[in-house]
Amino acid sequence: MLQLFRYRILSLLREKTTIFWSIAFALILATFFNFAFSGLGEDLKSISVAVVFDETVNQTESESVVKSLKQIESKHKKLLRVKSESEEDAKRDLKNKKVKGIYYVTPIATGENPIRLCVLGSGLEESILQSVMESYNNQMRVYTTVMLEKPQKMSELMKFDYGKSMVVESTITGKEVQSYTQYFLALIGMACMFGCFIGMGTASQLQANVGALGARRCITSTSKAKLIFVDVFVAFFVQFISVLVLMAYIKGVLKIDLGNHIGYLVLIAALGSMIGVSLGMLVGSIGKVKEGAKIGILLTISLTSSFLSGLMVSSIKGTIEQNCPIINRINPSSLISDALYCVGVYEDMGRLQVDLLLMLLLVVLLYLGSFVMMRRVRYDNI
Amino acid sequence: MTIFNGYMKIVRSNINIIIMYFMIFTMISVLTAQGTKSREEKQYTANSLDIAVVDRAENDLSKALLEYLGQFHHVTVEEDRMEELQERLYYYNIDIVLQIPKEFGTDRDWKKGKVKITEVPGDSTAMYLQQQINGMLQQVQQYEAAGYSQAEVIEKLHGQKQSEISILKDSESNANVKGYTPMLRMIPYFYIPALCSILGLILAVFQRKDMKQRMSISSISLWRQNVEALMAFLVLGVGLWLLSLGVIQYISKGTFFHAQLLPYYLANTFVMMLVTLSLAFFIGILVKKAVQVNMIVTPFSLGLCFICGVFVPLSLLGEQVKRVAQFLPVYWYSKTNDLLGDYQTLPANIQGKVWQGIGIQLVFMAAIIGVTLMLTKMRQQER
């Protein structure tokens, strides 16, 4: 038995390129992800805005408007880059996207809102310009109201501190969760699913009608059950190690928080690897179908599963959870990433147990399916 | 044309698999485009955020604040279950969580009663909401400083006139998302895995030892073999290109073929397809087995797409990432596509930038083909 293990491991290790890529592909992708997300979330740059004054606005008033707009800060950075110019120049700059909007300023005394905004369309920066304008107009409204109704209080109003913020940014549970963590969890799910290619290779080498090696192995005196057991175990072992390497790389090198429950992480890696390998065995044991077609089927399943778990669009899993949660309960990649989420982010052990149970159920079903396909096969002609 | 016919024969014998590959990547790129589109549309209309509020104060001022925010956003008052809200935030089902503390509005110095705001990390929408909340609460404080009671202030806020916003007309520019833009941005993720997988499958046949030996002693020169191989690839590439145009036309509900900038879009996508063919040719000669193609193509295509603005818009990527991405052809495709998406008609200075982007992609293609031909020559000499 030990000899069977030894030779199986040796024969797998001799497929150097396949082994290398099955381990390296996820590491490369994780590095790409880390690099791509490294600059994500850099603060919004200052927004350029043109200010056009009505002819009736005097110089003191215009200087005061520009000064107060320039003073607005967000996250200790100037929010706006203000330039005062003629209407024609401002429109040209807006068309050429040199500014995001134009503030038209009229005298405060008219009773109308003193600033109105002109933009090209809707967008985050345009919305910020809108909220700045709202704030300014509202403040001016307070001044005119107090001036009319309680002029004796104007001096107190002038002392008002505009720099004070009534809003504070915070995290919810005290744990900073980066939104892009989801991509890494989905990537681990995908790495597990890609174990299907090792599983497919294993199944092919156990069938006499697929290749010469399969034919030779089928006529040995060793029982087929033993061969299947050894092949499945070795395939699982290689895949399991590659997923553990990936997890260690993501947690240790890329410093993505996967939580501190190492035991659970290893268990998820084991069950995930089993799902991948058993899926490959099931498809690989279909019989005399072209290798390209089997690869295509596995690629469809693993990529669709990864897509639905949020590998390409991180919000997709949440949308599915709201509209059709059953997909998240049967999709292997979603189960793997959800289990990792429970360990690393949510720390919900009840939900984790459900995920693990569903993964175990999938493993049993897939292995049963592949054993049924491969057992007691007799060939009249290969 | 023996080599060309040979390739076509392999294509015919694998036609079902090729169709399957086309279908897989069409489906995934369409779904991804639809997924990013809905997220992007939400982001580009930031004046309508989904805000979940935990109101622990439940006083008149907190209600007035929620009413004020409700004029611009979709505001829902939630139970005080913060972990559940964190999960919804994590999956982008809500944009912001707002916590109003018990002391809200009772402390005149606003030291204790500050509103807590939590956004998705890396998002910038909180900045916009902060402006609005501060603006409204400053108004309350100003009135209170002038001697008005809180009830009087709330009354005054009710009847306030909203500020005026206009859109610049007769503009060549376009600030809104066009129906076909997300799918066009997804094109590299459609072409690269599909063409590399299919061509890898075909080239794997030519990597067989006996086939290589037969071809190396044939009277057809290596140059001719490569040219005919590239022509065969071109047939497949054009097929995929036409298919992608059909998919974009379908998704955009028939508007794509009527786009004013259609010739530029066609040129950009066609050149991207040529670049992909050269990449597929390069990967194809490196691998010996079809299964290895997917192992290489999957991280390669996903990685390229992540750092070159396909899945995450270029405008959101960090400066360092963009500096590196400039050395990759997909970046120039995305950049050109984004430029085209920004305009209805192209001003002269932008036309130059568009052709520059397309030209750089062609240079990449020529370089990749050059390296691949050199590699094939070296390999033949090694044998």
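Residues numbered from 1 in each chain as written. Chains lettered and ligands numbered in written order. Predicted model: local features only at pLDDT ≥ 70, side-chain atom pairs only at ≥ 80, totals over all residues. Heavy atoms only, no water.

Draft legend 1. Focus on the interface of chain A and chain B. If you look at the interface, chain A gives 110 residues, while chain B gives 107 residues. Between chain A and chain B lies a buried interface of about 10100 Å² when both sides are counted; carbon and sulfur atoms form 61% of it. Inspection of the region where chain A meets chain B yields 1 salt bridge. For A:Glu149, the salt bridge goes to B:Lys156, with nearest N and O atoms at 3.2 Å. The interface formed by chain A and chain B includes 9 residue pairs in polar contact (both at pLDDT 80 or more). By residue number, the principal contributor to the side of chain A that touches chain B is helix H5 (residues 124–149) of chain A, which donates 18 residues. Partitioned by chemical class, the residues of the side of chain A that touches chain B number 50 nonpolar, 36 polar and 24 charged. Pairing of strand E6 (residues 115–119) of chain A with strand E5 (residues 165–167) of chain B involves 3 bridges; the strand directions are parallel. Bridge assignment links A:Cys118 to a residue of E5(B), and that residue is B:Ser166. (Contact = heavy atoms within 4.5 Å. Buried area = accessible area lost by both parts, 1.4 Å probe. Salt bridge = Lys/Arg side-chain N within 4 Å of Asp/Glu carboxyl O. Polar contact = N/O pair within 3.5 Å; in protein donor to acceptor, adjacent residues only side chain to side chain. Helix = DSSP H or I, 4+ residues; strand = E, 2+ residues; numbered from the N terminus. Nonpolar A, V, L, I, M, F, W, Y, C, P; charged D, E, K, R; others polar. Pairing = 2+ DSSP bridges.)

Draft legend 2. Examining the sheet that holds E6(A) more closely. If you trace the 5 strands from one edge of the open sheet to the other, you get E4(A)-E1(A)-E5(A)-E6(A)-E5(B), paired in mixed fashion. For this open sheet the edge positions go to strand E4 (80–84) of chain A together with E5 of chain B, each flanked by a neighbour on one side alone. If you compare each strand with its neighbour and ignore which way they point, the axes differ by 25 degrees on average. Here 5 bridges tie strand E1 (residues 47–53) of chain A to strand E5 (residues 101–105) of chain A, and the two strands are oriented parallel to one another. By the bridge assignment for E5(A), A:Val49 is matched with A:Gly101. Each of E1, E4, E5 and E6 of chain A together with E5 of chain B touches H5(A); the most contacted strand, E6(A), lies at about 170 degrees to it. (Axes fitted to C-alpha atoms, helices over the stretch in contact; angles between N-to-C directions.)

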